[in-house]
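# Chain and residue survey
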Amino acid sequence: MKTDSFSLRHNGTRAKDVPYMLQTIGVDSLEQLIDETIPDGIRLQEALALPEGLSENEFLSHMQHLAGHNKIFKSYIGLGYHEAVTPPVIQRNIFENPGWYTAYTPYQAEIAQGRLEALLNFQTVVTELTGMELANASLLDESTAAAEAMTMLFGVRSRAQKKANVAKFFVSDEVLPQTISLLKTRAIPIGIELVFGNHEEFDFSTEYFGALLQYPGKYGQIFDYKAFTKKANENEIKVAVAADILSLVLLESPGSFGVDVVVGTTQRFGIPLGYGGPHAGFFATKEAYKRSIPGRIIGITKDTDGNRALRMALQTREQHIKRDKATSNICTAQVLLAVMAGMYAVYHGPNGLRYIANKVHSKAVDIANTLEKLGFEQTNTAFFDTIVVKANAAKIKEIAEQNEVNFLYIDEETVAISINEATTTRDLNDIAFIFAASVEKETIEITSSDVSKILPSLVRETTFMEEAVFNSYHSETEMMRYIKKLERKDLSLNHSMIALGSCTMKLNAAAEMLSLSSAQWNNIHPFVPVDQAEGYQILLKELEHQLNVITGFAGTSLQPNSGAQGEFAGLMVIRAYHESRNDSHRNICLIPASAHGTNPASAVMAGMKVVVTKTSEDGNIDVDDLREKALLHKDNLAALMVTYPSTHGVFEATIKEITQIIHDNGGQVYMDGANMNAQVGLTNPATIGADVCHLNLHKTFAIPHGGGGPGVGPICVAAHLTPFLPSNPIIKTGGEKAITAISSAPWGSALVCLISYGYIAMLGSRGLTEATEYAILNANYIKGRLEGQFEILYTNKRGRCAHEMIIDCRPFKQHGIEVTDIAKRLMDYGFHAPTVSFPVAGTIMIEPTESENVSELDRFCDAMLAIFGEISEANADDTNNIMKNAPHTLGMLTADEWNLPYSRQKAAFPLPFVSDNKFWPSVRRVDDAYGDRNLICTCAPIEAYAEAQ
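How each quantity is defined
- Residues numbered from 1 in each chain as written.
- Predicted model: local features only at pLDDT ≥ 70, side-chain atom pairs only at ≥ 80, totals over all residues.
- Heavy atoms only, no water.
- Helix = DSSP H or I, 4+ residues; strand = E, 2+ residues; numbered from the N terminus.
- Rg over C-alpha atoms; globule rule 2.2 N^0.38 Å.
- Buried < 20%, exposed > 50% of the residue type's maximum accessible area, 1.4 Å probe, protein only.
- Contact = heavy atoms within 4.5 Å.
- Areas by Shrake-Rupley, 256 points an atom, 1.4 Å probe, with all protein chains shown as cover.
- Lys, Arg positive; Asp, Glu negative; His and termini not counted.
- Charge placed at Lys NZ, Arg CZ, Asp CG, Glu CD.
- Arc of directions from axis to C-beta.
- Polar contact = N/O pair within 3.5 Å; in protein donor to acceptor, adjacent residues only side chain to side chain.
- Salt bridge = Lys/Arg side-chain N within 4 Å of Asp/Glu carboxyl O.
- Pairing = 2+ DSSP bridges.
- Axes fitted to C-alpha atoms, helices over the stretch in contact; angles between N-to-C directions.
- Expected span 1.5 Å × (residues − 1).
- Parallel < 35°, antiparallel > 145°, perpendicular 65-115°, else oblique.
- Left-handed = near helix turned anticlockwise from the far one by under 90°.
- Nonpolar A, V, L, I, M, F, W, Y, C, P; charged D, E, K, R; others polar.
- Phe/Tyr/Trp six-rings, centres within 6.5 Å; stacked < 30°, edge-to-face > 60°.
- 1 Å grid on protein atoms, 1.4 Å probe; cavity = no way out; pocket = protein on both sides within 12 Å on 5 of 7 lines; lining within 4 Å.
- Points joined across faces, edges and corners; volume = space filled by probe spheres on them.
- Core = buried A, V, L, I, M, F, W, Y, C linked by side-chain atoms within 4.5 Å.
- Right-handed = clockwise from strand over helix to strand, strands pointing away.

A count of helices and strands for the protein chain gives 32 helices and 26 strands. A compact globule built from 949 residues would reach a C-alpha radius of gyration of about 30 Å, and the protein chain, at 28 Å, matches this within 12%. Principal-axis analysis of the C-alpha atoms places the extent of the protein chain at approximately 85 × 70 × 65 Å. Expressed as a percentage of its 949 residues, the buried residues of the protein chain come to 66%. Residue pairs in contact within the protein chain that sit at least 24 positions apart in sequence constitute 77% of those at least 6 positions apart. Of the roughly 32,300 Å² of accessible surface on the protein chain, a fraction of 47% belongs to carbon and sulfur atoms. Of the charged side chains in the protein chain, 81 are positive and 110 negative, and the gap between their average positions amounts to 3 Å.

Attention shifts here to helix α14 (residues 393–402). All of the buried residues along α14 are A393, I396, I399 and A400. Looking down the long axis of α14, one finds its buried residues gathered within 135° of arc, a one-sided arrangement. Relative to its buried face, α14 has exposed residues pointing more than 90 degrees away, namely A394 and Q402. Packed against the buried residues of α14 are β13 (405–406), β14 (408–411), β15 (414–418) and α15 (425–438). Its side-chain oxygen placed 3.2 Å from the backbone nitrogen of A394, N392 serves as the N-cap of α14. Looking one or two residues beyond α14, the residue adopting positive phi is E404, at roughly 60°.

A separate point is the pattern of salt bridges. Counted according to the given criterion, the structure contains 37 salt bridges. Salt-bridge contacts for E773 lead to R766; the nearest nitrogen and oxygen are separated by 2.9 Å. When its relative accessible area of 41% is taken as the criterion, R766 is described as partly exposed. Three or more residues joined by partner-sharing salt bridges are found here, namely D244, R268 and D385.

Think of a sheet as strands paired side by side through backbone hydrogen bonds, with each pair either parallel or antiparallel. Spatial ordering of the open sheet is given by β16-β22-β21-β20-β19-β17-β18, a layout of seven strands whose pairing is mixed. For this open sheet the edge positions go to β16 (555–557) and β18 (609–613), each flanked by a neighbour on one side alone. Adjacent strand axes in the sheet meet at a mean angle of 25°, parallel and antiparallel pairs treated alike. Where strand β20 (residues 668–673) meets strand β21 (residues 692–695), four bridges bridge the pair, whose relative direction is parallel. Its bridge partner being in β21, G673 is matched across the sheet by L695. Across the sheet, helix α20 (residues 563–580) touches β19 (637–643), β20, β21 and β22 (715–717), and the angle it forms with β20 is around 170°.

A rise of 1.5 Å per residue sets the reference length of helix α4 (residues 56–67), with its twelve residues, at 16 Å; its end C-alpha atoms lie 16 Å apart and thus fit the reference within 8%. Buried within α4 we find F59, M63, L66 and A67. Along the long axis of α4, the arc covered by the buried residues comes to 100°, so they all point the same way. Seen from the open side of α4, the exposed residues pointing more than 90 degrees away from its buried face are N57, Q64 and H65. Buried residues in α4 make contact with α17 (510–513), α18 (519–522), α19 (534–551) and α25 (750–786).

Turning our eyes to something else, we now look at the packing of α4 against α25. Between α4 and α25, whose axes approach to 10 Å, the crossing angle comes to 135°. In terms of orientation, α4 and α25 fall into the oblique class. The element α4 and its partner α25 pack so that their crossing is right-handed. Across the interface between the two elements, E56, F59, H62, M63 and L66 from α4 touch L754, Y757, G758, A761 and M762 from α25. Its residues placed into classes, the contact of α4 with α25 shows seven nonpolar, two polar and one charged.

Attention now moves to the packing of aromatic side chains. Using the criterion set out here, one finds 34 aromatic pairs in the structure. Residues Y81 and F527 carry aromatic rings whose centres are separated by 5.6 Å and whose planes lie at 90° to one another, so their mutual orientation is edge-to-face. Taken together, the residues span a long stretch of sequence, with Y81 in the loop between β1 (74–75) and α5 (88–95) and F527 in the loop between α18 and α19 at a distance of 446 residues. The exposure classification of Y81 matches that of F527, with both residues buried.

Across the sheet, four strands lie side by side as β11-β12-β15-β14; this open sheet has antiparallel pairing. Each edge of the sheet is formed by a strand with only one pairing partner; in this case those strands are β11 (377–378) and β14. Across three bridges, the pairing between β14 and β15 is antiparallel. Considered in β15, the bridge of Y409 is made with V415. Contacting β11, β12 (386–390) and β15, helix α13 (residues 335–373) crosses the sheet at an angle of about 10° to β12.

Across all of its chains, the model carries eleven cavities of 30 Å³ or more by this definition. Taken as a whole, the largest cavity holds about 350 Å³ of empty space. Ranked by the residues each element gives to the lining of the largest cavity, the list is headed by α20, at three residues. Taken together, the residues of the lining of the largest cavity break down into eight nonpolar, 17 polar and five charged. In this structure, the second largest cavity is lined by 21 residues; those nearest its centre are G80, H82, P216, G217 and D244. Classifying every residue of the lining of the second largest cavity by side-chain character gives seven nonpolar, nine polar and five charged.

Moving on, we get to the packing of α25 against helix α27 (residues 854–873). Helix packing for two helices is described by the angle between their axes and how far apart those axes are. Here α25 crosses α27 at 35°, and the two axes come no closer than 10 Å. When you trace α25 past α27, the crossing you get is right-handed. Seen from α25, the contacting residues are N778, Y781, I782, R785 and L786; seen from α27, they are V854, L857, D858, F860, C861, D862, M864 and L865. Considering only residue class, the contact of α25 with α27 consists of nine nonpolar, one polar and three charged.

So, on to the nonpolar core. Counting residues in each nonpolar core, the largest one holds 257 residues, and the members touching the most others are Y215, M343, F407, I417, F435, Y536 and I807. Once residues lying within four places of it in the same chain are set aside, the contact partners of I807 are L786, F790, E791, I792, T843, I844, I846 and M864.

What follows covers the pairing of strand β4 (residues 193–197). Where strand β3 (residues 168–172) lies against β4, five bridges are found, and the strand directions are parallel. Among the inter-strand pairings, F169 is bridged to a residue of β4, identified as L194. Chirality of the crossover, the property in question, places the unit of β3, helix α10 (residues 177–187) and β4 among those that are right-handed.

Before going further, it helps to examine the side chain of E856. Locating E856 in the fold gives a position in helix α27. Setting aside residues no more than four positions away along its own chain, E856 makes contact with S496, M497 and F831.

Each regular strand displays side chains that alternate between the two surfaces of the sheet. Of the two faces of strand β24 (residues 805–808), both are covered, the one formed by M805 and I807 as well as the one formed by I806 and D808. Sheet topology places β24 next to strand β26 (residues 843–846); four bridges connect them, and they run antiparallel. Counterpart to M805 in the pairing with β26 is I846.

Set out below in structure tokens:
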């Protein structure tokens, strides 16, 4: 055994097991299996042009060397990003803990009560600090949240406004530049007209449906928006506010002004800068908009026994139901970061947050006073943490960088300084020294002042975070135990295989993750001069090159920070390409009926009209129907969105014919990279004829799902599309004809890109290909073990699936058993259910990935076959059976009474392996309908829950 081979550590499959697995499948060799799975015409003829893999030790040394190229300056740049202090108890027990970072989105609530509670905490903090009635479980970043607010307010216009085509949206000049860029990206395709200006000069015309304000403003000035909001409300103009969440500890909440939406980022709540992300954006609004709010909401409901339980409410996977009618294409969140931010609030409590906010504010006042004593003019009349100083910017910059300090240089005569939680008195003295040196004066020692620079009319008087959870865990011992208590309620990859089709829950190797905790990587502001982030620049450029090689394309943008945003970015690049050729009329997007629900939602966001193409009985694209519709719309055809292998888990043999049809009719081909784990090293998007694809780095390239985020969805494009790759208004990115921003930061969630870089570098050319082969092998092995009892819904003509398969559970209805019953019963066996009812209702989609060994695959198959036996014993006329009662909790098993028609042993320990590693669901089956009827989405007092019942 080569102990320094990362491939051997990443891949669960062992060479000694392969002959037995191949025999079960019915092939003689792995090569034969791959030949029978992937069409000949799209196979790569050469190995990936990438180096051979590094060992873990070599990679860690390499990362340390690269980190040495990064310069860690003290950054007071602000613009929505501030150095924060991550409490070590949160860093060690959540950020670095696979029990938290390898969990999946909490679609199976009974085995996700821990992170659901953590997200409920997050929602409660956001709701109370913003003064709103309802908050979601996080969005991707502040700019994305602001864009979602604009879109939502556009969607909820009054009937009269829609009839009059009221489409103007006012954006204050005080809004962050990256947000303005993203608003432009989102507004134009759907017909919103952005109008920029001074909010104090706004005329409140009936031509406007909404407005966006920044609180405090982009350079720190605090404005009183009460009069603005009052007049807007009188004129039926809805108001969104982008707010600094730490400032809201001291400032009156925007909700008290009567605004409609409050957005922002929780990065200041203990989340590392990470060169731009990942960070948890927040979105809070009125309950009146609960059916329109984007993203996920965690709500309180009850389980079968009437006990309190949590689950995702309302918005759960809405794109799969509403598709092109969805209110947003957001299908993910920043769960891991939202959990950390919520835990930051739990750990510090309301009094701790007040202490931190007051400390930040007082230090900002202190440095302002000191600089004024040195003769500098400070122009902000009211501020929280940011001051604006009149000075020779070039001179200040020269001296500051010599002293490893970054400020924000607004113009030649204006410098802004944003103080943060990590700023010390010594840091303030260093700042004073820099300014004194610029005018050749002796520095002045910092002196403290109790003067507040917050407007008296905006001093917060309302209380917040009075619930017990925010006032109970302030020692490290208490906090550590609370985190562990929640962790024990969640099934993650550190317990068992999570065989989710399309979601690719594979190993997130420790060696890939270690560098994320290093300040040399995680403490860099995204808007520092690029020469200070040379290590990042080397790594990100190399990652772009790696992805180019893997996809066969010419250019990559890492900016999209989720798969759905990658879809949108790809379509916007296609849109810009058509416009550059005077083909702006091309707006038809063909989408197969089987596509992921975010595809049509993204197409609508990009201003395209969705035309659905049929799926044949064997699950493939109906080529005749596609050809007919491509010809029908050839003058206006913009794109085809296609997933490959198909959403049904099959390599369609006609794919090159399909892409050629689109090209022949003037369209571009967008490939959804959700199933890229079956392509790497064996075929690629360029070979099948695609023009652009997005990649889910949190699937194929090993970034952890983190309980439902972070995700990264870069786009890779053919040469003719590279000029249109997205830009950033502060740091240059993208092509010479770049579209405006897709996310807040220039390279999106740059910090977690380190993981995918490591994954590729350590597997190397051969290892990447081998991982794909083993993913296909493992899937076909499970298929081989289960077929005969379960019906495999789709295979290719040779009877092979790709890296995943769909099992039809609809025949079990004759026994009264639904697919949901199978999902819940799997919990008793210690497994998370595969993907349920997607892409076909009443089915489950299984994807084992390459990371699982044959023993784990066998345990899963044994569980499924045992469940098949239990289904066979069920009777549609008698629902008091083991399937309908699943999952079985520890409380049930230890109760004095047991009146069920089967034994406790069979309920809790149905197979011998279960008792060796038993996972107990913490609640019984949750009642989704009850929770939607009684929507409670904050840590309400127990009386409120009791009243709802």
